[in-house]
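# Coordinate inspection notes
Given next are the chains, with one letter for each unit.
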Amino acid sequence: MTDLVKDSIRRIIYESLVKVFPESYSIEDRSFEREIEVSRSKDPRFGDYATNIALILSKIHSLKPRELAERLLGCMPQDSNIVQEFEIAGPGFINFKMSFNFWIEALNSIHSRKKMYGSFEPIGKPRILIEFVSANPTGPLHVGHGRGAAVGDSLARLLRNRGYTVETEYYVNDAGNQMKILGMSLLLRYWELIGKSIDFPGDHYQGGYIVDMARELIGTPLGEQLETLPQKEALPLASNYASRKILEGIQEDLRVFGVSFDRYFSEKCLYAEDAVKIALDELRRRGKLEDREGAIWFKMAGGEDEKDRVLVRASGEPTYFAADIAYHKNKFDRGYENLVDIWGSDHHGYVPRVKAGMEALGYEPDQIRVMLVQFVNLIRDGKKISMSTRSGEFVTLRDVLDEVGTDAARFFFLTKRSDSHLDFDLDLAKRQSRDNPVYYVQYVHARIAGIFRIAKERNVDVDISGPDLSALDLPEEKEIMKRLGDFPDMLAEAADTMEPHRITFYLLELSELFHAYYHDNKVLTEDDRIRKTRLYLVEAVRQVIENGLTILGVTAPDRM
RNA sequence: GCGCCCGUAGCUCAGUUGGAUAGAGCAACGGACUUCUAAUCCGUAGGUCACAGGUUCGAGCCCUGUCGGGCGUGCCA
């Protein structure tokens, strides 16, 4: 069983196509059915849904679009309980006006499936691994990471809801050069605190959190070691300690943000398992490597990114690129059929490289999908807050969460397409009014919960079983029902396009319909019949709001 | 220089994979609380979809060029 409205319409269209052109389409092979384009009509004069199928197929069947539409229409089921009215319009669109019963069924489906309304049968394959955040454990998460976290976590929930098997992973860059720099930064700050004169290089981590960490070490056994051991031995101790401490802080921030990962994957482990070496050997076997100027290069044959790239430096140290090839190989070898990487858009130049690397190893590059998330500007008092990582003066994700709360932050990060810049207005995120989309949507939920609460206080009957749905005759009630019925389609499309922001827009539109309805119509009326029916409708709205917010990782409060 | 993303109302952004007369919110102006929460609602106004060509039944969306903004183009990550 499906709650997809568009699928019901596609089926009708396809069956009509089979009748009109039995030589071209068959009931057995329905692969074309899924490709039929059905869209929701913007203008009520064009019915509820429309298809352009006659315009698309007119050439193939050498018929004029309207003529083709006529033929199709002649074969559509006229007695359907689904569609009340068919109509040909404009250059050859076929418009569908759904029957009232159809919307009633959608409404009933919400009540029978409750939290499961809008979720799909598990289909298992493909197994998807979503990698996101993956911030280096060299400093606290900043707001940009927060956006990646919100997008990645919601996307995981969305794809799971779609029926896929989804796992999430955070790649921890705990190896390589920046770990040395981190350790050295801590070491230098420690020495500085105990009175040694130091020279703190400009390319080391300037942030105050390093100094704080150093201060905490004074008087501890580790502190003593940093002081007495030769630098060569002290440095790895400092690196390990700093990265572990910082990662713990990151995990705590993510916990507050409501984001959890199935796995933290350590880059160090790749080296421990010789995975980098194995990947390099495999590349060499396939003739993709070249030794030049003391380094080992990856031969980028053609493609968009044609420059050869270094995998192993002249110093013998592998680059980040080498580790990333090994990491992605590892992901595929663990059995995932689809890899989703969510990166900051400043890494976009890196996409063709990773894909080329995986292709060279014999994997299918199209099974890697990279989602690029643009930067976030923080706005306060209408002005941008400058964020420079170098000086360490950036506003951390935690600062923002402490100020505006998790719900507002998560919702805000998902109010824009992820590939466009986001202005995060701190004052707006805290405002408790219409301007603030989070509250606008949550308020719907609280209001409906409030109706039931009040009803119980007044000993009003809140049993909503067996409502007389013919009482739902107001135009705005029908609008709400239609929008509720559209929820599963919206979720399917958001998942298929990997665009979680569609959910926020849907919820805002539904909220708008509800607030207007609530304002003009009393739910707890004296009339038993109307009251019961409206409670039935309104409870369905509450459920859909809850289900949508859950996928965004935002709470649905009963009271505000 | 080359590559990627973006350019839609004064501001912030949607636009259902090429569909019908381009939509919201904010800001501006004018209204609505004795009511199930005014954290709400109703109304007015606002456009050469950066610009110029092209593709076709049809373009905000696709192609080419120009202008403007962001990012990338390391033996950094």
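Rules used in this analysis
- Residues numbered from 1 in each chain as written.
- Chains lettered and ligands numbered in written order.
- Predicted model: local features only at pLDDT ≥ 70, side-chain atom pairs only at ≥ 80, totals over all residues.
- Heavy atoms only, no water.
- Near = heavy atom within 4 Å.
- Polar contact = N/O pair within 3.5 Å; in protein donor to acceptor, adjacent residues only side chain to side chain.
- Nonpolar A, V, L, I, M, F, W, Y, C, P; charged D, E, K, R; others polar.
- Core = buried A, V, L, I, M, F, W, Y, C linked by side-chain atoms within 4.5 Å.
- Buried < 20%, exposed > 50% of the residue type's maximum accessible area, 1.4 Å probe, protein only.
- Helix = DSSP H or I, 4+ residues; strand = E, 2+ residues; numbered from the N terminus.
- Contact = heavy atoms within 4.5 Å.
- Salt bridge = Lys/Arg side-chain N within 4 Å of Asp/Glu carboxyl O.
- Patch = residues over 30% accessible without salt bridge, like charges linked within 9 Å, V, L, I, M, F, W, Y side chains within 5 Å.
- Areas by Shrake-Rupley, 256 points an atom, 1.4 Å probe, with all protein chains shown as cover.
- Pairing = 2+ DSSP bridges.
- Axes fitted to C-alpha atoms, helices over the stretch in contact; angles between N-to-C directions.
- Arc of directions from axis to C-beta.
- Phe/Tyr/Trp six-rings, centres within 6.5 Å; stacked < 30°, edge-to-face > 60°.
- Lys NZ or Arg CZ within 6 Å of the ring centre and 35° of its normal.
- Expected span 1.5 Å × (residues − 1).
- Domains from an automatic or database assignment.
- Left-handed = near helix turned anticlockwise from the far one by under 90°.

### Some details on the protein's contact with RNA strand B
The environment of RNA strand B is made up of 66 residues, and the closest members are Arg-45, Lys-307, Tyr-440, Tyr-443 and Asn-521. Within the contact set of RNA strand B, a phosphate oxygen lies 3.4 Å away from a side-chain nitrogen or oxygen of Lys-59. Across the surface near RNA strand B, the residue classes break down as 24 nonpolar, 19 polar and 23 charged.

### Considerations on the nonpolar core
Counting 144 residues, the largest nonpolar core has Phe-96, Leu-107, Ile-130, Tyr-170, Phe-413, Phe-424 and Leu-484 as its most contacted members. The element that contributes the greatest number of residues to this core is helix α21 (residues 528-552), accounting for 11 residues. Discounting chain neighbours no more than four positions away, the residues touching Phe-424 are Val-376, Asn-377, Leu-378, Ile-379, Val-400, Val-404, Ala-409, Phe-412, Phe-413 and Ala-429. Core analysis: the second largest hydrophobic core is formed by 34 residues, Ala-323, Ile-325, Met-358 and Tyr-363 among them.

### Brief notes about the pattern of salt bridges
All chains considered together, the criterion is met by 45 salt bridges. Across the pair Glu-167 and Arg-127 runs a salt bridge, and its minimum N-O distance is 3.5 Å. Residue Glu-167 is found in strand β6 (residues 164-172), and its partner Arg-127 is found in strand β5 (residues 124-131); the two are separated by 40 residues along the sequence. Taking the relative accessible area as the measure of exposure, Glu-167 reaches 19% and is therefore buried. Connected via shared salt-bridge partners are Arg-127, Glu-167, Glu-169, Arg-263 and Arg-334.

### Details of a nonpolar patch on the surface
A surface patch of nonpolar side chains, about 210 Å² in accessible area, is lined by Leu-193, Ile-194 and Ile-218. As for its placement among the helices and strands, Ile-218 is situated in the loop between α7 (208-217) and α8 (221-228).

### A short note on the sheet that holds strand β14 (residues 383-385)
Read from one edge of the open sheet, three strands run β14-β13-β15, paired in mixed fashion. What marks the edges here is a single partner per strand, and that holds for β14 and β15 (422-425). Across the sheet, the axes of successive neighbouring strands diverge by a mean angle of 45°, strand direction being ignored. Of the strand pairs in this sheet, strand β13 (residues 376-380) and β14 are connected by three bridges, and their pairing is antiparallel. Each residue of the ladder has a partner; that of Ile-379, found in β14, is Lys-384.

### Remarks on helix α3 (residues 65-74)
All of the buried residues in α3 are Leu-68, Ala-69, Leu-72 and Leu-73. The buried residues of α3 occupy one face: seen down the axis, they fall within an arc of 135°. Of the surrounding elements, those touching the buried residues of α3 are α1 (5-20), α2 (53-57), β3 (83-89) and β4 (93-98).

### A closer look at the packing of aromatic side chains
Scanning the entire structure with this criterion turns up 24 aromatic pairs. Seen from their ring centres, Phe-412 and Phe-424 are 5.2 Å apart, and the 40° between their planes marks the pair as tilted. A residue pair is termed long-range when its members are at least 10 positions apart, and Phe-412 in helix α15 (residues 406-413) and Phe-424 in strand β15 qualify at 12 residues. The class of Phe-424 is buried, set by a relative accessible area of 0%. Seen from the ring of Phe-200, Arg-189 lies directly overhead, with NZ or CZ sitting 3.7 Å from the centre.

### Quick word on the side chain of Thr-396
Mapped onto the secondary structure, Thr-396 falls in the loop between β14 and α14 (397-404). When residues no more than four places from it in sequence are discounted, the contact partners of Thr-396 are Pro-140, Leu-141, His-142 and Val-143.

### Here's the deal with helix α9 (residues 231-256)
Between its first and last C-alpha atoms α9 spans 37 Å; for 26 residues at 1.5 Å apiece the expected length is 38 Å, and the two agree. Among all positions of α9, only Ala-234, Leu-235, Ala-238, Ser-239, Tyr-241, Ala-242, Ser-243, Ile-246, Leu-247, Ile-250, Asp-253 and Leu-254 are buried. Within two residues after α9, Gly-258 carries a phi angle of roughly 75°, on the positive side.

### As for the domain arrangement of chain A
When the domains of chain A are assigned, the result is domain 1 (5-98), domain 2 (177-256) and domain 3 (434-552). Distance between the C-alpha centres of domain 2 and domain 3: 53 Å.

### Structural notes on the pairing of β13
On any regular strand, side chains alternate: one points to one face of the sheet, the next to the other face. Two elements, β13 and β15, share four bridges in a ladder whose sense is parallel. In the strand pairing of β15, Leu-378 is matched with Phe-424. Between β13 and β14, which follow one another and run antiparallel, lie two residues, and Asp-381 among them has a positive phi close to 55°.

### Things to note about unusual backbone geometry
A negative phi angle characterises most non-glycine residues, just as the trans form characterises most peptide bonds. In this model, Ser-62 sits at a positive phi of 40°, which is unusual for a non-glycine residue. Within the secondary structure, Ser-62 is located in the loop between α2 and α3. The backbone of Asp-274 shows a phi angle near 60°, a positive value even though the residue is not glycine.

### What about the sheet that holds strand β8 (residues 289-292)?
Within the open sheet, the three strands sit side by side as β8-β9-β10. Their pairing is antiparallel. The two strands at the open ends of the sheet, each matched to only one other strand, are β8 and β10 (309-312). Neighbour-to-neighbour, the strand axes of the sheet open up by a mean angle of 45°, direction not taken into account. As judged from the three bridges shared by strand β9 (residues 295-298) and β10, these two strands associate in the antiparallel manner. Bridge pairing in β10 links Phe-298 to Arg-309. Strands in contact with helix α11 (residues 275-285) are β8, β9 and β10; relative to β8, the strand with the most contacts, it is inclined by about 95°.

### A short note on the environment of Gly-344
Structurally, the position occupied by Gly-344 is in strand β11 (residues 338-344). Classification of Gly-344 by relative accessible area gives partly exposed; the value is 29%.

### Some points on the packing of helix α4 (residues 100-113) against α21
At a minimum axis distance of 10 Å, the contact between α4 and α21 shows a crossing angle of 65°. Of the two possible hands of crossing, α4 and α21 adopt the one that is left-handed. Every residue of α21 that contacts α4 at Leu-107, Asn-108, Ile-110 and His-111 is listed here: Tyr-536, Leu-537, Glu-539, Ala-540, Gln-543 and Val-544. Residue composition of the contact of α4 with α21, grouped by class: six nonpolar, three polar and one charged.

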